[in-house]
Amino acid sequence: MLAWTASPSGRCNRVVPFDHAPATAREDPHTSPIDDSDKGHLGRNDQRGGAATATTTTSAESSPTGTAPQSSNIGGTTSTTYAAPTTPAERRASEEEEKEEEGKEEEEEDGEDTHYVSFEGDRSRVVVVDKKATFRRWLLGSAEADRRYKEVWAACQLTPITVLLGLVSFLATTVAYTCFVRDKRMFLIPGLAGVGNWYNMLTSRSPRMLRILATDFDVLFNIGNVALWAGCIGATFGWDERTAPAVLVIMMTSVMVLLSDASCSDFEFGTTRPIILLFTTSIFLSVIVLDQGGLFNDVENIVWVFNTHDGFHTTTVEAWEASNSTALTGSDGTITHHTYLRSVGNTRLLLYTLFLGSAAWASVYHPTECSILKNAARRSLSGGMEGLQLDAGSEATVDRLDDDDEVIAFMPAEGMIIPDGPKRSVLCFLLNGNHHMAKRINDVAEEHKGWGQIAMIIGLVVALVALTEVVPLNLTWLGILSFPDAARCLFKMNTQAVKLCISEPFDFMVPFATLTVGLIGGMASFDFHPGCCAGFICFDFFFITDILLSDADLTESVIREAGSNVPIYMIAFITFGSIYAMIVFGACPSASSQHQLSFTFFNSHVKISFISMFARFMTTPLIFLAKFIFK
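Within each chain, residue numbers correspond to sequence positions counted from 1 in written order. Only residues with pLDDT of at least 70 get local features here, since the model is predicted, and only at 80 or more are side-chain atom pairs given and counted; chain-wide, interface and lining totals rely on the full set of residues. Hydrogen atoms and water are omitted, and side-chain values are computed over all heavy atoms in the structure.

Draft legend 1. Structural context of a nonpolar patch on the surface. Within this analysis, patches are made of residues with over 30% relative accessible area and no salt bridge. Like charges are joined at 9 Å or less; nonpolar side chains (Val, Leu, Ile, Met, Phe, Trp, Tyr) at 5 Å or less. Under the convention used here, a 1.4 Å probe and the Shrake-Rupley method define accessible areas, while residue burial counts only the protein chains that appear. Every case where a carboxyl oxygen of Asp or Glu lies within 4 Å of a side-chain nitrogen of Lys or Arg is listed as a salt bridge. Where nonpolar side chains cluster on the molecular surface, the patch consists of W451, I454, I458, L475, L478 and L481 and spans about 560 Å² of accessible area. Numbering of helices and strands runs from the N terminus; a helix is a DSSP stretch of H or I covering at least four residues, while a strand is a stretch of E covering at least two. Its place among the elements puts W451 in helix 17 (residues 449-466). Only protein chains enter the calculation, and the probe is 1.4 Å; a residue is then buried if its accessible area is under 20% of its type maximum, exposed if over 50%, and partly exposed in between. For W451, a relative accessible area of 65% corresponds to the exposed category.

Spelled out as structure tokens, the structure:
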């Protein structure tokens, strides 16, 4: 992925993590093709071709053959020569030294960088918006009305007032939820007090950028997370007046924070954005701890129940446990699945909070980097970059500008060039820099990769069928047949690219962590059957190497023969979707809902079925796979 840059008067381009691969080539001190003195891979500093150290030798022992050197001065240049070996022993020593030097030269040539991979974005989609063309101006309908509105707003000091009310309503709502309030209508006060803050934020947004953001996956995913949390906490409140601040203050302000890339205010985007992101992150972490810890007052713990006989319905935890109906499959064959709405809402809010935390971290070190706007990068072996081009709407905007007007330009960040070769591979790093051995192993693995791919398909299919016990459950051990091909893909990857991939908190860490936790829940539901554990671990390894780290494969053949990744994404989606459906809807007899995780957190005694934990966390990597397919 490639982050966009906001570059108005004072905002500049910036370099972003590898998953946000930039668009214009730059000379990085660790990746520049010009400097050969720093061509070591991750964790190494291998130097070649540096300046030689001059030494003066006068003794016979210092010469390569044991003979004394002879110096001459021709044309002002001093050269040192050695007498030819005369004895057979000297000749043999000289030949052995020449062979060793030739072997070293061949070994060094094997480790040379073979090519350079450049990453560039779609440079024909530079978007330029007029800073005065805000949502407020669109609502009022004219520039004159907008000017008068701003004069009244500034004269009454409404901006600091609404910001202060928004902060107070955030804090007051969180504290009030932990207290007993007899008249629930009192919660309408912080709910209404916080409206002015997010309304003021909305009016500073660019309508055109809002339309672009409305189609972005990260925006829709995070809005869906916080909206689901608001629905879950509203249900635990019984949909009384306490729901008002949760929706009008917390949820709506969260949406405006997500849309900060569209802000036309330099003060909000540049100066206060890190503060807003850090404050919102801390508030949401507090809400999760207080809610999951049972510290919210006068709430009902709602259980969402689905069964094949009655369909969907909700009940309380007390009624659900009293019914003694925690079995996944009843005696009449009815399949029942339940989950706690409080845990579902807090899990979704936690994912949104992780996104805010990563955005806050990036905003501190990269003040002009957009939090949401990204553009897919293209990999190529050459560094031929296209010139920046404005789209039709941006050209029209520029044509209408006066001399004193200001604009905001959203453009791909500057590019990156990463060298690749045997020394850059993950296997070379694991072998402590033995690039000669790494090259031989990778070459053999690539030559016979067809056998590994056949074994992977057989292993994954048999392991998948074995979960249903149509064939013996012990055949899930065959899932390890997918390991050699996944290891082949990992070993040839570029170490620098892998490092940049795994440093991306949202596009890598979130699907990786949720998939891993979900599969651990799946293992526990099978009572940690050894074959099932081996199969699930191989499924996880396959997802990491073939999906999440696929951009780190910079081998020349992959770049030249680059095609669509949709087939592999579809295979992964069908595979993990099948596992999800089979375990959740009772197609795996050995997966029992009786296996639960139980612990006490503050005032709350938490009991989570491992099947429920599996279902809850596995939805996130499936959503990301759908994103990769449609992208």
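Draft legend 2. Fine view of unusual backbone geometry. Even without being glycine, D298 reaches a positive phi, approximately 55 degrees. Within the element layout of this structure, D298 appears in the loop between helix 11 (273-292) and strand 6 (302-307). By relative accessible area, D298 is classed as partly exposed at 45%.

Draft legend 3. Focus on the packing of helix 21 (residues 530-548) against helix 24 (residues 610-630). Between the N-to-C directions of two axes lies an angle of 0 to 180 degrees, each axis being a line fitted to C-alpha atoms and, for a helix, fitted only over the stretch in contact. Packing of helix 21 against helix 24 brings their axes to within 13 Å, and their N-to-C directions diverge by 25 degrees. In terms of their interaxial angle, helix 21 and helix 24 are classed as roughly parallel. In terms of crossing hand, the pair formed by helix 21 and helix 24 is left-handed. For the pair helix 21 and helix 24, the contacting residues are F543, I547 and L548 in the first and P621, L625 and F628 in the second. Asp, Glu, Lys and Arg are counted as charged, while Ala, Val, Leu, Ile, Met, Phe, Trp, Tyr, Cys and Pro are counted as nonpolar; the rest, among them Gly, fall into the polar class. Classifying every residue of the contact of helix 21 with helix 24 by side-chain character gives 6 nonpolar, no polar and no charged. We call two directions roughly parallel when the angle between them is under 35 degrees, roughly antiparallel when it is over 145, roughly perpendicular when it lies between 65 and 115, and oblique otherwise. Left-handed describes a crossing whose near helix is turned anticlockwise from the far helix through less than a right angle; right-handed describes the clockwise counterpart. Working rule for contacts: check all heavy atoms of both residues, and any pair within 4.5 Å makes them a contact.

Draft legend 4. Structural detail: the sheet that holds strand 8 (residues 336-340). If you walk across this open sheet you meet the 3 strands as 7-6-8, and the pairing is antiparallel. Each having just a single partner strand, strand 7 (311-316) and strand 8 make up the two edges of the open sheet. The sheet shows a mean angle of 25 degrees between the axes of neighbouring strands, direction not considered. Two strands pair under a simple rule: DSSP has to find at least two bridges between them. Strand direction decides the pairing type here: strand 6 and strand 8, joined by 5 bridges, are antiparallel.

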